Amino acid sequence: MKNELKNFKNFIQKNYKSIIFLFVISILTYSTKLFNYSISIDTEVPINNLNGNDMPWIATGRWGVVFLEKIMHFGHRYNPFLSNIVMILFFTCSVILFSYLISKIVKKEHLEKNILLIQGFFILTSPTLAEMLNFTLMSAEIAIGIFFVVLSTLCLYIAIYEKNKKSYLLSIIFLVIAMGEYQAFFPLFIGLVAIMFSLEKIFDSKNDKFKSDLINVVKMVVVFIISYIICSIITKALEIHFNLNPSGYLTNQITWGKVPISESINNIKNYIKMIMFPSNSSEFFNYSYLISCLIFIECSIKLIKDRRKKSIVPILALAFILITPFLLTILMGSFAVLRSQMILPFVISTFFTLYIVVFDNKTLNKVICLLCIIFGLIQFKYTSDLFYSDYIRYQEDVNLTQSIFDKIDNMDDLPESNRENVKVVFIGQHSAKSTGVVARGETFSYSFYEWDQSTKMLSNIRIYGLTQTLGYRYIMPTEEDVDLAKKNIKKLDVYPSKNSIKVVDDLVIVRLS
């Protein structure tokens, strides 16, 4: 491992300008979060109580987030700015480490700068990754998890192809922690290992024995299974220790056996179509994946010409890489949430990189790099729009909260001495209406005042969490209070009308819609 650290240090020194540029891209992409304060759903929980998410996370198998959060915030105070800084650091370092892994395999030093920039343009500006990293409460932990998955893949490469058996243990340790953070790291690891395997097959012509390939694949699968078993044992032990029932949050998303098979198959088809042929209004997908498929075809033709029968394994490995963005959707039979789509930008950047290292033509390299810059700028624009829109949404949430509670404070039929002992119930919903809200995602730009409307409590739990972060104090209403409020809103107008707030005993009712 000492030699590996030395090689990595040399890689950094040779390409330090490109690496600085990657940090610039990362900082610019996430500048709205770095230099402004705004929060979206769930982040209100650790702000009000750092330990508030611990048990739900453990029950969902995300004990790794709890573990890393305690280390980063010293077990007590939560700092969203610290989370964002750590996120930027580890997210960018993940791209650098991934670029190093690719450079190590392809062994073309004159293309290292290009490799770094291609990964940076596609991964750091990715709107799907931004959807995940917008969750400030766990953005740092997720970025660390991505770093650990890449590091685990690198250790696995060293263990298998450089015969360093100690690296197997390191690979498993890093992967176990990542698996204990977020289940979307499963397909991320599978995809990165497939990338590692396929590139090794293409650029190491000496290693062309099928038996050797099979043994290596078995080793990769064994590392994955061992890591999964250890992670599951830790999860189960924590559930027993804290007397928790496993959460159905993840299993409930699996539709196989719950809906007609044709519906699940159509979901998979539509998801693939959405990524391959995105609509013009899509903020999250562009035609870079389709171009990656065309690159796959062209590279496959070249491999067949150069290697004939020996091209079968690398071509199959490359084809599998293209499938990895759909693994979760295939597993669930339903649309995977956008924030779980972590592998896609890595897949796209890999195929664009593959083109320049396989053909290694100066003119073609310039064309590919130009395409990367264009797609990077498109993604940067979309991602910036999403963060800007969510920032405006948060400002509107704050202004709405201040306006409502100012009116409540000035109500004559509410005793001043009793202000903090009343319950406030919000009926209906309010969406951000500012002209600055130009883009929406799954969570981006959605107001606290419109989230969880399908639950019995409507948005009241979310609103309560938000208002507590802003310093407004009142008693959390119950389901019975919400039911009572629903019966008393018929004669109320919609806020901000004068007749939109009503006091019933110790219950303040606010009609939002």
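Above this text is the structure in question.
Residues numbered from 1 in each chain as written. Predicted model: local features only at pLDDT ≥ 70, side-chain atom pairs only at ≥ 80, totals over all residues. Heavy atoms only, no water.

(A) Focus on the overall build of the protein chain. Scanning the protein chain from terminus to terminus reveals 21 helices and three strands. Relative to the globule expectation of 24 Å for 513 residues, the C-alpha radius of gyration of the protein chain, 25 Å, shows essentially globular dimensions. Judged by the C-alpha coordinates and their principal axes, the protein chain covers about 85 × 50 × 50 Å. Relative to its full complement of 513 residues, the protein chain shows a buried share of 56%. Of all intrachain contacts in the protein chain linking residues separated by at least 6 positions in sequence, the fraction that spans at least 24 positions is 75%. Of the roughly 23,000 Å² of accessible surface on the protein chain, 63% is carried by carbon and sulfur atoms. (Helix = DSSP H or I, 4+ residues; strand = E, 2+ residues; numbered from the N terminus. Rg over C-alpha atoms; globule rule 2.2 N^0.38 Å. Buried < 20%, exposed > 50% of the residue type's maximum accessible area, 1.4 Å probe, protein only. Contact = heavy atoms within 4.5 Å. Areas by Shrake-Rupley, 256 points an atom, 1.4 Å probe, with all protein chains shown as cover.)

(B) A look at the state of the cysteines. Tallied over the full model, the rule gives zero disulfides. There is no disulfide at Cys 231, and the cysteine sulfur nearest it, in Cys 155, is 18 Å away. (Disulfide = S-S within 2.5 Å.)

(C) Spatial organisation of the packing of helix α15 (residues 288-307) against helix α16 (residues 312-323). Relative to each other, α15 and α16 sit at 175°, their axes nearing to 10 Å. Considered as vectors, α15 and α16 are oriented roughly antiparallel to each other. Where α15 abuts α16, its residues Tyr 289, Ser 292, Cys 293, Phe 296, Ser 300, Leu 303 and Ile 304 lie against Pro 314, Ile 315, Leu 318, Ala 319 and Leu 322. For the contact of α15 with α16, a count of residues per class yields 10 nonpolar, two polar and no charged. (Axes fitted to C-alpha atoms, helices over the stretch in contact; angles between N-to-C directions. Parallel < 35°, antiparallel > 145°, perpendicular 65-115°, else oblique. Nonpolar A, V, L, I, M, F, W, Y, C, P; charged D, E, K, R; others polar.)

(D) Highlighting the pairing of strand β1 (residues 423-427). The element β1 is extensively covered by neighbouring structure, given that five of its five residues are classed as buried. Side chains Lys 423, Val 425 and Ile 427 of β1 all project onto a buried face; the interleaved residues Val 424 and Phe 426 project onto the opposite face, where all are buried too. Note that β1 and strand β3 (residues 507-511) share five bridges and pair parallel. Within β3, the position partnered with Phe 426 by the bridge is Val 510. (Pairing = 2+ DSSP bridges.)

(E) Expanded view of the pairing of β3. For β3, the buried fraction is high: five of the five residues fall into the buried class. With burial as the criterion, each face of β3 is covered, one bearing Leu 507, Ile 509 and Arg 511 and the other bearing Val 508 and Val 510. Inspection of the sheet shows strand β2 (residues 501-504) paired to β3 by four bridges, in the antiparallel sense. Directly across from Ile 501, in β3, lies its bridge partner Val 510. Connecting β2 to the next strand, β3, in antiparallel fashion are two residues, including Asp 505 with a positive phi near 55°.

(F) Layout of the packing of aromatic side chains. Scanning the model with the defined rule gives 30 aromatic pairs in all. When the ring of Tyr 271 is compared with that of Phe 335, the centres are 5.3 Å apart and the planes differ by 80°; the resulting orientation is edge-to-face. Of this pair, Tyr 271 sits in helix α14 (residues 261-276) while Phe 335 sits in the loop between α17 (327-332) and α18 (343-359), and the two are 64 residues apart along the sequence. Ring geometry for Tyr 446 versus Trp 451: centroids 6.0 Å apart, planes at 70°, classification edge-to-face. Above the plane of the ring of Tyr 446 lies Arg 440, whose end atom (NZ or CZ) is 4.8 Å from the centre. (Phe/Tyr/Trp six-rings, centres within 6.5 Å; stacked < 30°, edge-to-face > 60°. Lys NZ or Arg CZ within 6 Å of the ring centre and 35° of its normal.)

(G) A look at empty space enclosed by the protein. Evaluation of the coordinates by the stated rule reveals three cavities of 30 Å³ or more. In this model, the largest cavity occupies a volume close to 100 Å³. Phe 284, Phe 285, Leu 344, Ile 348 and Gln 379 are the residues nearest the centre of the largest cavity, which is lined by 13 residues in total. Those elements that place two or more of their residues in the lining of the largest cavity are α9 (127-133), α15 and α18. Class assignment of the residues belonging to the lining of the largest cavity gives a composition of eight nonpolar, five polar and no charged. Taken as a whole, the second largest cavity encloses approximately 50 Å³ of empty space. Residue lining of the second largest cavity: Pro 187, Tyr 271, Thr 324, Pro 325, Leu 328, Ala 336, Ser 340, Gln 341 and Ile 343, and that is the complete set. Grouping the constituent residues of the lining of the second largest cavity by class yields six nonpolar, three polar and no charged. (1 Å grid on protein atoms, 1.4 Å probe; cavity = no way out; pocket = protein on both sides within 12 Å on 5 of 7 lines; lining within 4 Å. Points joined across faces, edges and corners; volume = space filled by probe spheres on them.)

(H) The arrangement of the sheet that holds β1 in detail. Taken in spatial order, the three strands make up an open sheet running β1-β3-β2, and their pairing is mixed. Edge positions in the sheet fall to β1 and β2, since each of these pairs with one other strand and no more. The sheet shows a mean angle of 20° between the axes of neighbouring strands, direction not considered. Relative to β1, helix α21 (residues 479-487) is tilted by about 60°, and along the sheet it contacts β1 and β3.

(I) Region of the structure containing a nonpolar patch on the surface. The grouping of Phe 210, Leu 214, Val 218, Val 222, Ile 226 and Ile 230 at the surface amounts to a nonpolar patch, some 510 Å² of accessible area in total. Of note, Leu 214 is situated in helix α13 (residues 210-241). (Patch = residues over 30% accessible without salt bridge, like charges linked within 9 Å, V, L, I, M, F, W, Y side chains within 5 Å. Salt bridge = Lys/Arg side-chain N within 4 Å of Asp/Glu carboxyl O.)

(J) Inspection of the packing of helix α10 (residues 136-161) against helix α11 (residues 166-179) at higher detail. Following both chains from N to C, one finds α10 and α11 inclined at 160°, their axes separated by 8 Å at the closest point. With respect to their mutual orientation, α10 and α11 come out roughly antiparallel. Seen along the crossing, α10 lies across α11 with a hand that is left-handed. Of α11, the residues touching α10 (which contributes Gly 145, Phe 148, Val 149, Leu 151, Ser 152, Cys 155, Leu 156, Ile 158, Ala 159 and Ile 160) are Ser 167, Tyr 168, Leu 170, Ser 171, Phe 174, Leu 175, Ile 177 and Ala 178. For the contact of α10 with α11, the residue count by class is 14 nonpolar, four polar and no charged. (Left-handed = near helix turned anticlockwise from the far one by under 90°.)

Remember that the coordinates give geometry; whether it matters functionally is a separate question.
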